[in-house]
Amino acid sequence: MSQQSQGTIWLVIAGLGIGSFLLRFSFLGLIGKRQLPGWALRLLRYTPVAVIPGLMAPQIFLPADGSTLPDPIKLAAAAITVAVGVWSRNVIAAMAAGVSALAVLIWLFQS
Amino acid sequence: MTPGQAFWAGLKIGAPFVLVVAPFGAVFGVVATEAGLDIVQTLVFSIAVIAGAAQLTAVELMVQDAPTLIVLLTALAVNLRMAMYSASLAPHLGAAPVWQRALMSYLMVDQAYAIGVQQFEQHPDMPVGAKVGYFFGAVILLCPTWYLATLAGALLGTAIPPSLPVGFAVPIAFLALIGPMLRTLAHMVAAFVSVVGALIFAFVPYNLGLMIAAILAMGAGALVELWLIRRGRWS
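Residues numbered from 1 in each chain as written. Chains lettered and ligands numbered in written order. Predicted model: local features only at pLDDT ≥ 70, side-chain atom pairs only at ≥ 80, totals over all residues.

S.K.: I'm lost on the overall build of chain B in this one. Help?
M.R.: Each helix and strand in chain B was counted, giving 13 helices and zero strands. Secondary structure of chain B in N-to-C order comes out as α-α-α-α-α-α-α-α-α-α-α-α-α. Referenced to the eigenvectors of the C-alpha coordinate spread, the extents of chain B come out at roughly 55 × 50 × 30 Å. The buried share of chain B, taken over its 235 residues, is 51%. Across chain B, the fraction of contacts at a sequence separation of at least 24, relative to all contacts at a separation of at least 6, is 75%. (Helix = DSSP H or I, 4+ residues; strand = E, 2+ residues; numbered from the N terminus. Buried ≥ 20, exposed ≤ 12 C-beta atoms within 10 Å, placed from the backbone. Contact = placed C-beta atoms within 7 Å.)

And the structure:
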């Protein structure tokens, strides 16, 4: 976070706090009982799965500085995390599996 | 059902979710302090926003030195689902006094929404006061847990020596959120388009490539959903 000043951090916290409240208050507080159109609900349903995988993709799939291939340990740990999450439907189980896989793989191949 | 009875009923359903909220709050605390936020900033972040995925998104983009506007827009995009929650609860809670609706909006976390909507759709005839009581009961333990777990994580994060690389813990925390969301073919296609789009458009400045990828992925998810509905395979 080299160029982020303290002011920027507080600006992000305030902006995200106010913005999130307005999203939550939108229909409940301001718009009332009117329903969102079907196409809007259909698009909104996919926002988390449309943003988060893309946010993480460069760190997982692009090579680190100085290498030509993606890191197989990261790829494997990422795959295990997703697989356990899909299978168990449990966020904490998936986190535990991913972190354990990462630790074991680093210990096996990088020590 | 009186509002008091409904409050206790909601509390009973919501309480076990403390076990889900606490570790995730701690993860955010560790990640945020590792990224360079101090303990006060990390705690205020959790109190102001109460949305783990959006908070992690914002911290991750700040680490990547993305412009502030992009940080805000992308993190708010992750929270767009909250507008959907708001729309879905409005027919049940819309008649409550405005201060109650404002307080419920502030406390609207994923688990509170899921617990509330499940109850209200099964018992639409509950008086609005009881529905409000049920919602507050469901969430009353979760939000303080979120704050305290964040604080614990932040204290732990500042204690971890900087030489210890916890960098890849962030992708793992995010991917753990995503796995359980991949419930349908439409969600899987959206996630796939998001990854491919983000890699293809990685060259676009100001992290705007991610926005392009996300818009394409939302469209792809919606199209697959429509296709599944037409084929009678959407439940």
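More follows now that the structure is in view.
S.K.: I would appreciate a short explanation of the overall build of chain A in the present structure.
M.R.: Counting its secondary structure elements, chain A contains five helices and zero strands. The order of α-helices and β-strands along chain A, N terminus first, is α-α-α-α-α. Relative to the globule expectation of 13 Å for 111 residues, the C-alpha radius of gyration of chain A, 20 Å, shows a markedly less compact shape. (Rg over C-alpha atoms; globule rule 2.2 N^0.38 Å.)

S.K.: What exactly am I supposed to notice about the packing of helix H3 (residues 47-61) of chain A against helix H11 (residues 169-178) of chain B here?
M.R.: Axes are the key here: two packed helices are described by the angle between their axes and the distance separating the axes. It is at 10 Å that the axes of H3 of chain A and H11 of chain B come closest, and there the two elements cross at 145 degrees. Handedness of the H3 of chain A/H11 of chain B crossing: left-handed. Contacts from Val 49, Ile 52, Pro 53, Leu 55, Met 56, Gln 59 and Ile 60 of chain A of H3 of chain A reach H11 of chain B at Pro 171, Phe 174, Leu 175, Leu 177 and Ile 178 of chain B. When grouped by side-chain class, the residues that make up the contact of H3 of chain A with H11 of chain B number 11 nonpolar, one polar and no charged. (Axes fitted to C-alpha atoms, helices over the stretch in contact; angles between N-to-C directions. Left-handed = near helix turned anticlockwise from the far one by under 90°. Nonpolar A, V, L, I, M, F, W, Y, C, P; charged D, E, K, R; others polar.)

S.K.: Help me understand the nonpolar core in this model?
M.R.: Ile 52 of chain A together with Val 31, Phe 174, Ile 178, Ala 190 and Ala 217 of chain B are the most contacted members of the largest nonpolar core, which totals 116 residues. The element best represented in this core is helix H13 (residues 208-230) of chain B, accounting for 10 residues. Those residues in contact with Ile 178 of chain B that sit more than four places away from it in its chain are Val 49, Ile 52, Pro 53, Val 82 and Gly 85 of chain A together with Ala 191 of chain B. (Core = buried A, V, L, I, M, F, W, Y, C linked by C-beta atoms within 7 Å.)

S.K.: Looking at this model, I keep getting lost on unusual backbone geometry. Mind explaining?
M.R.: Generally, phi is negative for residues other than glycine and the peptide bonds are trans, each holding for most cases. Residue and element names in this part refer to chain B. Backbone geometry places Ile 50, a non-glycine residue, at a positive phi of 45 degrees. Checked against the element boundaries, Ile 50 lands in the loop between helix H3 (39-49) and helix H4 (52-63). Assessed through the 26 C-beta atoms surrounding it within 10 Å, Ile 50 is described here as buried. Of note, the phi angle at Asp 65 is positive, near 60 degrees, even though the residue is not glycine. Along the chain, Asp 65 turns up in the loop between H4 and helix H5 (68-78). Residue Asp 65 is classed as exposed on the basis of its 12 C-beta neighbours within 10 Å.

S.K.: So what exactly am I meant to see when it comes to the interface of chain A and chain B here?
M.R.: By a widespread convention, an interface's size corresponds to the accessible area lost as its parts come together. Chain A puts 63 residues into the contact, and the matching count from chain B is 80 residues. Among the secondary structure elements, those contributing two or more residues to the side of chain A that touches chain B are helix H1 (6-31), helix H2 (38-44), H3, helix H4 (72-88) and helix H5 (91-109) of chain A. Of the residues that constitute the side of chain A that touches chain B, the class distribution is 39 nonpolar, 19 polar and five charged.

S.K.: Before we go on, may I ask you to explain helix H12 (residues 185-200) of chain B in this structure?
M.R.: Side chains of residues three or four places apart in an α-helix project in the same direction, reflecting 3.6 residues per turn. Over its 16 residues, H12 of chain B runs 22 Å from end to end, which matches the ideal 22 Å to within 8%, given 1.5 Å per residue. Among all positions of H12 of chain B, only Ala 186, His 187, Val 189, Ala 190, Ala 191, Val 193, Ser 194, Val 195, Gly 197 and Ala 198 of chain B are buried. On its buried face, H12 of chain B is in contact with H3 of chain A together with H11 and H13 of chain B. (Expected span 1.5 Å × (residues − 1).)

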